[in-house]
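A look at the structure
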Amino acid sequence: MFIQYVLADPTGNLTALVETSVEAARRQHIAAALMESKREIEQLGFISPPLRGGDIALTMAGGEFCGNACLSAGAYHLRKNGRSCGIVAVEISGADGLIRVELEKLGENEYAGRVEMPLPLSCKRVDCAAGALSLMHFPGICHAIAPADMSRSEAEELIVPLCKNVDCEALGLMLLSEEDWSLSPLVYVPGAASLFWERSCASGTAAVGAYLAMRDKENVSVSLRQPGGTLTILSEYSGGEVSRLLMGGKVLLGSSESFLF
């Protein structure tokens, strides 16, 4: 069976968008085989016809939510329909409602976009081997905000038991430095059996924005330097809670490729 897919590069967070219709029961096996074949792929989603009034639907291999995948799916939809700009409503796993993505074509297969990110369901402190961390719980994924001086080996040892403890579809450990506004994202997705130091993480960026706004009780606008580039986040705070999260970034689309499964 030939599996057709497109590689998207949203700020270095290489994402495979599978165009071939695949039965749900086979998706994890196909995802594992494709990611083993192309080790640079950090995550994978399956495109399908929208069922809830969106323009495009995407199911991530682990059933998680992913902001960079939303940005990629929006750009894919624009290109497929011959549009240079516009708003795309994305149905994605891990989110109940439609995700609004506003995009503009910059050049050959390159797009700039802003994603209206889901709001956090809760923010709480969790105790772990590294001490107390702030845990931002979003639909489809949780993110723990950790200090930038945490070692990679310590983070990798911590994230799996922490994910089991907080019982979420996926967990990100966001190593944040407020001195130079840099972010190192480690993401674990049990359903896809994947653990990656991602080159950028959109939902983790949103989690940092929400965390800062709730901590400081004010609007926050910050650009976070990540290994693959910079993502921006606008976090609006009102009435004692985060009322809006708008993430900005860029995505580069490749051409369709085939994989024999």
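Treat the numbers as computed from the prediction; the structure is a model and nothing was measured. (Residues numbered from 1 in each chain as written. Predicted model: local features only at pLDDT ≥ 70, side-chain atom pairs only at ≥ 80, totals over all residues. Heavy atoms only, no water.)

A separate point is the packing of aromatic side chains. This model, assessed by the stated rule, comprises zero aromatic pairs. Cation over ring: Arg152 sits above Trp197, and NZ or CZ is 4.3 Å from the ring centre. (Phe/Tyr/Trp six-rings, centres within 6.5 Å; stacked < 30°, edge-to-face > 60°. Lys NZ or Arg CZ within 6 Å of the ring centre and 35° of its normal.)

Moving on to helix 2 (residues 67-80). Each turn of an α-helix holds 3.6 residues, which means side chains three or four residues apart point in the same direction. Compared with the 20 Å implied by 1.5 Å per residue over 14 residues, the 20 Å span of helix 2 between its first and last C-alpha is a close match. In terms of burial, helix 2 is largely enclosed, as 12 of its 14 residues are buried. The set of residues buried in helix 2 consists of Gly67, Asn68, Ala69, Cys70, Leu71, Ser72, Ala73, Gly74, Ala75, Tyr76, His77 and Leu78. Gly82 sits one or two positions beyond helix 2 and adopts a positive phi of about 65°. (Helix = DSSP H or I, 4+ residues; strand = E, 2+ residues; numbered from the N terminus. Expected span 1.5 Å × (residues − 1). Buried < 20%, exposed > 50% of the residue type's maximum accessible area, 1.4 Å probe, protein only.)

Looking at soluble globular proteins, one finds that nonpolar side chains tend to be buried together. Membership of the largest hydrophobic core comes to 56 residues, with the highest contact counts inside it found for Val90, Ile92 and Ile99. Broken down by element, the residue count for this core peaks at eight residues, all from helix 4 (residues 202-216). Setting aside anything within four residues of it in sequence, one finds Ile92 in contact with Arg52, Leu58, Met60, Phe65, Cys66, Ala69, Cys70 and Ile99. If you look at the next biggest cluster of nonpolar residues, it comprises 20 residues, including Leu133, Val166, Leu175 and Leu186. (Core = buried A, V, L, I, M, F, W, Y, C linked by side-chain atoms within 4.5 Å. Contact = heavy atoms within 4.5 Å.)

A few words now on a negative patch on the surface. A contiguous patch of negative charge on the surface is contributed by Asp149, Glu154, Glu156 and Glu157. Counting through the fold element by element, Glu156 comes out in helix 3 (residues 152-166). Overall, Glu156 belongs to the partly exposed group, its relative accessible area being 36%. (Patch = residues over 30% accessible without salt bridge, like charges linked within 9 Å, V, L, I, M, F, W, Y side chains within 5 Å. Areas by Shrake-Rupley, 256 points an atom, 1.4 Å probe, with all protein chains shown as cover. Salt bridge = Lys/Arg side-chain N within 4 Å of Asp/Glu carboxyl O. Lys, Arg positive; Asp, Glu negative; His and termini not counted. Charge placed at Lys NZ, Arg CZ, Asp CG, Glu CD.)

Opposite charge on two side chains makes pairing possible when the charged atoms of those side chains draw close. For the coordinates displayed, the defined rule picks out eight salt bridges. One salt bridge in this structure joins Glu178 and Arg215, with 2.8 Å as the shortest N-O distance. Highlighted residues: Glu178 in the loop between strand 11 (171-177) and strand 12 (182-189) and Arg215 in helix 4, separated in sequence by 37 residues. When its relative accessible area of 35% is taken as the criterion, Glu178 is described as partly exposed.

Further remarks concern helix 4. Over its 15 residues, helix 4 extends 21 Å from the first C-alpha to the last, a length consistent with the 21 Å expected when each residue adds 1.5 Å. Across the 15 residues of helix 4, 12 count as buried, placing the element largely inside the fold. Here helix 4 has its buried residues at Ala202, Ser203, Gly204, Thr205, Ala206, Ala207, Val208, Gly209, Ala210, Tyr211, Leu212 and Ala213. Among the residues trailing helix 4, Lys217 stands out with phi positive, at a value near 55°.

Moving on, we come to the environment of Ala130. Looking at the secondary structure, you find Ala130 in the loop between strand 8 (122-128) and strand 9 (131-138). Once the C-alpha coordinates of Ala130 and Met150 are considered, the two residues, 20 residues apart in sequence, prove to be 8.4 Å apart. Beyond its immediate sequence surroundings of up to four residues, Ala130 is in contact with Met150, Glu154 and Leu158.

Following the sequence through the fold, Ser182 ends up in strand 12. Reaching out from Ser182, the side chain makes a polar contact with the side chain of Asp180 at a distance of 2.8 Å. Sequence-distant contacts of Ser182, defined by excluding residues within four places in its chain, comprise Leu175, Leu176, Ser177 and Arg225. (Polar contact = N/O pair within 3.5 Å; in protein donor to acceptor, adjacent residues only side chain to side chain.)

Tracing the chain through its elements places Tyr237 in strand 15 (residues 229-238). Each residue touching Tyr237, except ones within four places of it in the same chain, is listed here: Ala213, Met214, Lys217, Glu218, Asn219, Val242 and Ser243.

When you line up the elements, Leu186 lands in strand 12. For Leu186, a relative accessible area of 0% gives the class buried. Separated by 13 residues in sequence, Leu186 and Arg199 have C-alpha atoms that sit 9.1 Å apart. Leave out the neighbours within four places in its chain, and Leu186 touches Ala155, Glu156, Ile159, Leu171, Gly172, Leu173, Met174, Leu195, Phe196 and Trp197.

Attention now moves to the side chain of Thr205. By secondary structure assignment, the location of Thr205 is in helix 4. Here the side chain of Thr205 touches Cys201 through a polar contact of 2.7 Å, landing on its backbone oxygen. Sequence-distant contacts of Thr205, defined by excluding residues within four places in its chain, comprise Leu183, Leu224, Gln226, Leu231, Thr232, Ile233 and Met247.

Moving on, we get to the pairing of strand 15. As paired strands, strand 14 (residues 220-226) and strand 15 are joined by seven bridges and run antiparallel to one another. In the strand pairing of strand 15, Arg225 is matched with Thr230. In sequence, strand 14 turns back onto strand 15 through a hairpin of two residues. Where strand 15 meets strand 16 (residues 241-260), seven bridges bridge the pair, whose relative direction is antiparallel. Paired with Thr232 across the strands is Gly248, a residue of strand 16. (Pairing = 2+ DSSP bridges.)

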